[in-house]
Amino acid sequence: MRVLVVEDEARLSATLRDILTENNYQAAVAGDGVTGLDEAMSGIYDIVILDVMLPGMDGFEVVRKMRAENVKTPVLMLTARSETSDKVYGLDCGADYYLTKPFEMEEFLACVRALLRRPGDVRVDEIAFGDTRLNPANYLMLCHGRSIRLSATEFEVMRLLMLQKGAIIPKETLLLKVWGYDADVDESSVEVYISFLRKKLGRIRSGLEIRSIRRVGYHLQADGGEEADAV
Ligand code: CA
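Residue positions are given per chain, counting from 1 as you read along its sequence in written order. Selection of residues for local features in this predicted model requires a pLDDT of at least 70, selection of side-chain atom pairs for listing and counting requires 80 or more, and totals for whole chains, interfaces and linings are taken over all residues. Calculation of side-chain values draws on the structure's entire complement of heavy atoms; hydrogens and water are dropped beforehand.

Caption draft 1: Here's a closer look at unusual backbone geometry. Following K101, the chain continues to P102 via a peptide bond in cis, the omega torsion being -5 degrees. One non-glycine residue, N24, adopts positive backbone phi at about 70 degrees. We count a stretch as a helix when DSSP gives it H or I for four or more residues in a row; a strand needs E for two or more, and each element gets its number in order from the N terminus. Note on placement: N24 falls in the loop between α1 (10-22) and β2 (26-30). The backbone of H144 shows a phi angle near 45 degrees, a positive value even though the residue is not glycine. Relative to the helices and strands, H144 resides in the loop between β8 (140-143) and β9 (146-149). Exposed residues in this analysis have more than 50% of their type's maximum accessible area, buried residues have under 20%, and partly exposed residues fall in between, with area computed by a 1.4 Å probe over protein chains only. Classification of H144 as partly exposed rests on a relative accessible area of 36%.

Caption draft 2: Layout of the coordination of the calcium ion. At the metal site, the calcium ion is ligated by D8 (OD), D51 (OD) and M53 (O), and these contacts range over 2.1 to 2.3 Å. Any N, O or S atom lying within 2.8 Å of the metal counts as a donor, with the limit raised to 3.2 Å for Na, K and Ca; because water is left out of the atom set, some sites can appear incomplete. Mapping the donors of the calcium ion onto the primary sequence yields the spacing D-x42-D-x1-M. In this pair, D8 sits in the loop between β1 (2-6) and α1 while M53 sits in the loop between β3 (47-51) and α3 (59-68), placing the two residues 45 residues apart along the sequence. Here D8 falls in the partly exposed class, since its relative accessible area comes to 34%.

Caption draft 3: Main features of the packing of helix α7 (residues 171-179) against helix α8 (residues 187-203). Two numbers describe how α7 lies on α8: the axes approach to 10 Å, and their chain directions differ by 85 degrees. Accordingly, the angle class assigned to the pair α7 and α8 is roughly perpendicular. Contact with α7, carried on its side by K171, E172, L174, L175 and W179, involves E187, S189, V190, E191 and Y193 of α8 and no other residues of that element. When grouped by side-chain class, the residues that make up the contact of α7 with α8 number 5 nonpolar, 1 polar and 4 charged. Working convention: axes come from line fits to C-alpha atoms, limited for helices to the stretch in contact. Angles between N-to-C directions cover 0 to 180 degrees. Oblique is the label for any angle not under 35 degrees, not over 145, and not in the 65 to 115 range, which are roughly parallel, roughly antiparallel and roughly perpendicular in turn. Residues are treated as being in contact if the distance between any of their heavy atoms lies within 4.5 Å. Each residue is assigned to one of three groups, with Ala, Val, Leu, Ile, Met, Phe, Trp, Tyr, Cys and Pro labelled nonpolar, Asp, Glu, Lys and Arg labelled charged, and all others, Gly among them, labelled polar.

Caption draft 4: Up close: the packing of aromatic side chains. When two rings of Phe, Tyr or Trp (its six-membered ring) have centres within 6.5 Å they constitute a pair, described as stacked for plane angles under 30 degrees, edge-to-face for angles over 60, and tilted for the intermediate range. Tallied over the entire structure, the rule returns 5 aromatic pairs. Judged by centre distance (4.7 Å) and plane angle (70 degrees), the rings of F60 and Y89 are edge-to-face. Of this pair, F60 sits in helix α3 while Y89 sits in helix α4 (residues 84-93); the two residues are 29 residues apart in sequence, bridging distant segments of the chain. Here the aromatic rings of Y193 and F196 are separated by 5.4 Å at their centres, their planes lie at 80 degrees, and the arrangement is edge-to-face. On the criterion of helical spacing, the pair formed by Y193 and F196 is a turn pair, its members being 3 residues apart in helix α8. On the basis of relative accessible area, Y193 is assigned to the partly exposed category, the value being 22%. When its relative accessible area of 34% is taken as the criterion, F196 is described as partly exposed.

Caption draft 5: Spatial organisation of the sheet that holds strand β10 (residues 169-170). Taking strand neighbours across the sheet as the criterion, the 3 strands line up as β10-β12-β11 in an open arrangement whose pairing is antiparallel. Two strands lie at the open edges of the sheet, namely β10 and β11 (208-213), each paired on one side alone. DSSP-based pairing: two strands are paired if at least 2 bridges between them are found. The pairing of β11 with strand β12 (residues 217-222) spans 6 bridges and is classified as antiparallel. In the sheet register, S212 faces β12, and the bridge partner there is Y218.

Caption draft 6: Focus on helix α6 (residues 152-163). Between its terminal C-alpha atoms α6 stretches 16 Å, which fits the 16 Å expected from 12 residues at 1.5 Å a residue. Counting buried positions along α6 gives 11 out of 12 residues, so the element sits mostly inside the fold. Among the residues of α6, A152, T153, E154, F155, E156, V157, M158, R159, L160, L161 and M162 are the ones counted as buried. Here a helix's expected span is defined as the number of its residues, less one, multiplied by 1.5 Å.

Read these as geometric descriptors, not functional statements.
What follows is the structure, encoded as structure tokens:
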């Protein structure tokens, strides 16, 4: 599988290339938008990892031009920004998925695998934990036929909690991943979103509970809502 990494930060680009090579992908690197677009247009890649802020041409423009030329290679966009409008804009431009920096390499590889499973198709698979699922294509949270739409921020918080599979995620990690380094938010904002999510979990009668560990963080507990529902 051939992967094209379009990223101007040399250190990140080298890290991604190394991690991809270690995982048996053939990785090529482009350091600016114009070279990246040229490479992507060749059609020889199975997936393109595309930074947003690039010299020459930004990532939005690169993916828009690819799609305009009917190049259907899956595109995973990377960005340091975490604003909702950027994510929506990136997806509207034709990207398949969006990963906000900083991200864990495990998460990065999981996204690459998911996008490669269905080449040319859209979106990453649903995320599931306990009796509840999240659909990244429409931001719906689902449980036994019931569903509720999440805001982009709620979705991101819930997604990170579910990916932990019940392990604790520190509040600082949530802040950093959902709102980014520069965002003017504090831990009380996280608590507000956690309370929104608890209400929405209740509305779809999910068996998941968001537990708070004082001064540490949050984790999900799957409490057997499935059995309760099956009776
Ligand atoms: Ca950049």
